[in-house]
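Architecture and fold: a report
Residue strings, one per chain:
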Amino acid sequence: MGLGHLCGVVMNSLQPALTPCAGRCSTVFGDSVCRGCRRFSHEVIDWNRYTPTQREYIWQRLDQQLDQIVLPLLAVAEDMQLQRFMDARQLRLPAHASKGRQVYEVLRVCQRQPQLLDESGLALSSAQLEPYWQAVERRLYALAVASFEFAWLRAAQFQSGT
């Protein structure tokens, strides 16, 4: 096998593999759900061992949560402007990224660089930016924790046979 293959994956780019990691992992401090990417702790630990199908399942769950929380809260003023903003910033998103993920990633860039808000395509004023960011983060984390707890309850019921 040549150098272009690693663990059965063709390496045709020097870009690292796409991961939901947001660079602020809280599972190292004992959280069952990461406050950054909202993956379950075992998903963070096992991510590099997962098959593409397993990773896709996790991406889908995270995207569903983003759609559920972000889309009702944040309006997009101009879809094409949002797309141009993502392209100009070279935001790395999965090909299947949901609308909620796209809006969330643009919001995250604007939260870090508020001067970019006007060109983002989001229907949000600068005074609304931080309160909306905090509300989105709080609600997403609460939903992720509830999802984790529900998954453990289902697993416990399955194991007990009830």
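First, a word on what this report is: a plain description of the structure on this page. Bear in mind the structure is a predicted one, so any value in this text is a computation, not a measurement.

1. Here's the deal with the overall build of the protein
Scanning the protein from terminus to terminus reveals 5 helices and 2 strands. The burial tally for the protein puts 35% of its 162 residues in the buried class. By sequence separation, contacts in the protein at least 24 residues apart represent 58% of the contacts at least 6 residues apart.

2. Details of the environment of A144
In this structure, A144 sits in helix α5 (residues 126–160). In this structure A144 comes out as buried when scored by relative accessible area, which is 0%. As a C-alpha pair, A144 and C37 span 107 residues in sequence and 9.6 Å in three-dimensional space. Other than its neighbours up to four places away in sequence, A144 contacts V33, R38, F40 and Q65.

3. Structural notes on helix α3 (residues 79–88)
Among the residues of α3, L82, F85 and M86 are the ones counted as buried. Here the buried residues of α3 occupy an arc of 95 degrees about the axis, which is enough to place them on one side. In α3, the exposed positions that point more than 90 degrees away from the buried face belong to M80 and A88. Lining the buried residues of α3 we find α4 (99–112).

4. Considerations on unusual backbone geometry
Phi at R38 takes a positive value of approximately 70 degrees, unusual for a residue other than glycine. Among the secondary structure elements, R38 is positioned in the loop between β2 (9–10) and α1 (41–46). A positive phi angle, near 50 degrees, is found at Q90, a position not held by glycine. Note that Q90 resides in the loop between α3 and α4. We classify Q90 as exposed; its relative accessible area is 66%.

Here is what the cut-offs are and how they apply
- Here, residues in each chain are numbered from 1, in the same order as that chain's written sequence.
- In keeping with the predicted nature of the model, local features appear solely for residues at pLDDT of at least 70, side-chain atom pairs appear and are counted solely at 80 or more, and the whole-chain, interface and lining totals rest on all residues.
- Note: side-chain values were computed over all heavy atoms of the structure, leaving out hydrogens and water.
- Only DSSP runs of H or I with at least four residues qualify as helices, and only runs of E with at least two residues qualify as strands; both kinds are numbered from the N terminus onward.
- Residue burial is assigned from relative accessible area. The probe radius is 1.4 Å, only protein chains are included, and a residue is buried under 20% of its type maximum, exposed over 50%, and partly exposed in between.
- The contact criterion used throughout is that any non-hydrogen atoms of two residues lie within 4.5 Å.
- The arc under discussion is defined with respect to the helix axis, by the directions toward the C-beta atoms.

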